[in-house]
Amino acid sequence: ANKMEALQLRAKSGDCDAAYMIGRHHSFFTLQVDEAIKWFRLAAKCPNVGPKEELISYLLNIKDQNGVDAEIDNLIAEIKKVDPVAAIKSQEEVRRRREITGRTLRPSSQEANHNSVDRHD
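Model, not experiment: these values are computed from the prediction. As a convention, each chain's residues are numbered from 1 in the sequence order in which they are written. Predicted model: local features are reported for residues with pLDDT of at least 70 only, side-chain atom pairs are reported and counted for 80 or more only, and whole-chain, interface and lining totals are derived from all residues. Side-chain measures were taken over the full set of non-hydrogen atoms in the model, leaving aside hydrogen atoms and water.

Draft legend 1. The arrangement of the overall build of the protein chain in detail. Each helix is a run of H or I in the DSSP string that is no shorter than four residues. Each strand is a run of E no shorter than two, and both are numbered from the N terminus. Secondary structure assignment for the protein chain yields seven helices and zero strands. Starting at the N terminus and ending at the C terminus, the protein chain contains elements arranged as α-α-α-α-α-α-α. The rule is simple: take the accessible area with a 1.4 Å probe, protein chains only, and divide by the maximum for that residue type; under 20% is buried, over 50% is exposed, in between is partly exposed. Relative to its 121 residues, the protein chain shows a buried fraction of 38%.

Draft legend 2. Highlighting the packing of aromatic side chains. A pair of Phe, Tyr and Trp rings is counted when the ring centres sit within 6.5 Å of each other, with Trp represented by its six-membered ring. The angle between the planes then sorts it: under 30 degrees is stacked, over 60 is edge-to-face, the rest tilted. The full count for this structure, using the stated rule, is two aromatic pairs. For the ring pair Y20 and F40, a centre distance of 5.8 Å and an interplane angle of 50° mean the geometry is tilted. On the criterion of sequence distance, the pair formed by Y20 in helix α2 (residues 16-30) and F40 in helix α3 (residues 33-43) is long-range, its members being 20 residues apart. By relative accessible area, F40 is classed as buried at 0%. Following the ring pairs from residue to residue traces out a cluster consisting of Y20, F40 and Y58.

Draft legend 3. Spotlight on the state of the cysteines. In this description, a disulfide is simply a cysteine sulfur pair whose atoms lie within 2.5 Å. Counted under the stated rule, the structure contains one disulfide. For C16, the disulfide goes to C46, at an S-S distance of 1.7 Å. Linking C16 and C46, the disulfide has an S-S dihedral of approximately 55° and is accordingly described as right-handed. In this pair, C16 sits in helix α2 while C46 sits in the loop between α3 and α4 (49-60), placing the two residues 30 residues apart along the sequence.

Draft legend 4. Helix α1 (residues 3-12), seen in detail. The opening residue of α1, the one whose side-chain oxygen lies 3.0 Å from the backbone nitrogen of M4, is N2. Of the residues one or two after α1, G14 is the one with positive phi, at around 105°. In protein, a polar contact requires one atom able to donate a hydrogen and another able to accept it; more generally it is a pair of N or O atoms within 3.5 Å, and residues adjacent in sequence count only if both atoms are side-chain atoms.

Draft legend 5. Quick look at the nonpolar core. Core analysis: the largest hydrophobic core is formed by 18 residues, its most contacted members being L55, I56 and I72. Among the buried residues, those of types Ala, Val, Leu, Ile, Met, Phe, Trp, Tyr and Cys that are joined through side-chain atoms within 4.5 Å form a nonpolar core. Counting seven residues, the second largest nonpolar core, distinct from the first, contains L7, I22, W39 and A43.

Remember, this is a structural readout, not a statement about activity or role.
In C-alpha cells, the structure reads:
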C-alpha cells in the first residue's frame, strides 16, 4: 500500500493525526474540498483543536448552510473544552465571516444556557 492508503487505513481506525494529515493534503495539494472536509470531520472527533478550526473555516464557505450552523456550534463547544481562548477566537472569526456575508451568528444552546461569551447579534 502506498503512503496515502496507509494513512487512510490508520485514519479509519481512529488515528486522528492521520485523518488530519489527509485533510491537509486535500486542502493544499489536491484542492478537493469535499475530501478535505470529510477527513477534517474525522480528525475533529479527537480533542485536537487544529482540525476543528480548519473544519470551521471550510464549513463557513459551504454555499448550502443548512445544518452547518449547528455543526459549527458543536465544534466551538468541543474546542472550548480543550482551549477556551481558541474557542473565543474561533467564535469571533465565525461572527466576522458571517457579518461579511450578511448572516448572523445564532447563539448555541450552550451559550444561551450559560451566557459564557458576550454576544452582539
